[in-house]
Amino acid sequence: MKFFIDTANLDQIREAQDLGILDGVTTNPSLMAKEGITGDDKVNKHYKDICDIVDANVSAEVISITYDEMIKEGEALAALNPKIVVKIPMIKDGVKAIKYLSSKGIRVNTTLIFSAGQALVAAKAGASYVSPFLGRLDDIGSEGLLLVEDIRTIFDNYGYECEILAASIRGPLHIIDCAKIGADVVTAPLSAILGLLNHPLTDKGLATFLADHKKAGESAKK
C-alpha cells in the first residue's frame, strides 16, 4: 500500500519523506490556506516546492467547477511538474474534465467520493485515483470502510486500473483497516502515520534492553 501525506506543510512533508516510506502528497485549498498560501502565484510556487521534496505523486486541486475552467486550470497545474496529479471534484463537469485530461496523458485524482457509483463513473472516465472520504462518512453515521470495500469489489470485478486512495483518515486504525481491505493508497496526516510506529511494549522492551546493557557495562568495569 502506498503512503501519501495529506498536508501542505513543507516541514511535515520533509519529515515524512525522511522516514523513507512516503509515496506522495495530497493537498487542497483548505490545507494551502492553513499554511497561509494564497494567490495563484504563491500556490503554484508551493506546489513546485513540494515536488522538489517528494519522489512522485503530488495531488494539486483545481478550484474551478465548470468544464472549461477545470481544463484550463488542470493543464496549467500539470505543466508545473510531471509529478503533479490533478485533483478534480466528483461533479458532472468534473467527469467530463477527467475524460479530457486523462486522454491527454494527465493523471487525475477524483476527490470528494462518497459512493461506489461515483467511484465507478470516475474510473470509467479514466481517473488514475478515486478518493473516498472515510472520516467524513463516519462523521455522519455511515461506515467509510464499507465504501472502500465496495469500490474494491467493483474495480476487481472489471479490472479497473484506477487506484483507491483512501482519504479523510482520522488515525492509525483507519490506515490498518484500509490495508486489510485492499486500498491501494492511504493519505493521512503525519500524526496518523507516526502513530503506526508506537506501541507501549516496544517502549518497555527497549527500556529493558538499554537498562540491561547499562548494568552489564557497569559490572564489566568492576
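Residues numbered from 1 in each chain as written. Predicted model: local features only at pLDDT ≥ 70, side-chain atom pairs only at ≥ 80, totals over all residues. Heavy atoms only, no water.

Structural notes on the pairing of strand β7 (residues 163–166)
Burial of β7 is two-sided: the residues E163 and L165 facing one way and the residues I164 and A166 facing the other way are all buried. Pairing analysis gives two bridges linking strand β6 (residues 129–132) to β7, with the strands arranged parallel. Looking at β7, one finds that V130 is bridged to I164. Across two bridges, β7 lies against strand β8 (residues 185–188) in parallel orientation. What sits directly across from L165, in β8, is V185. As for the winding sense of the linkage, the β-α-β connection from β7 through helix α9 (residues 172–181) to β8 is right-handed. (Buried < 20%, exposed > 50% of the residue type's maximum accessible area, 1.4 Å probe, protein only. Helix = DSSP H or I, 4+ residues; strand = E, 2+ residues; numbered from the N terminus. Pairing = 2+ DSSP bridges. Right-handed = clockwise from strand over helix to strand, strands pointing away.)

Focus: the nonpolar core
Ranked by size, the top nonpolar core spans 59 residues in total, and within it I88 and I151 carry the most contacts. Beyond its immediate chain neighbours, meaning those up to four positions away, I151 contacts I113, A116, A119, V130, P132 and I164. Judged by nonpolar contacts, the second largest core, of five residues, contains F4, Y129, L165 and V185. (Core = buried A, V, L, I, M, F, W, Y, C linked by side-chain atoms within 4.5 Å. Contact = heavy atoms within 4.5 Å.)

Observations regarding a negative patch on the surface
There is a patch of like negative charges on the surface, built from D138, E143, E149 and D150. Structurally, E149 can be placed in helix α8 (residues 144–158). (Patch = residues over 30% accessible without salt bridge, like charges linked within 9 Å, V, L, I, M, F, W, Y side chains within 5 Å. Areas by Shrake-Rupley, 256 points an atom, 1.4 Å probe, with all protein chains shown as cover. Salt bridge = Lys/Arg side-chain N within 4 Å of Asp/Glu carboxyl O. Lys, Arg positive; Asp, Glu negative; His and termini not counted. Charge placed at Lys NZ, Arg CZ, Asp CG, Glu CD.)

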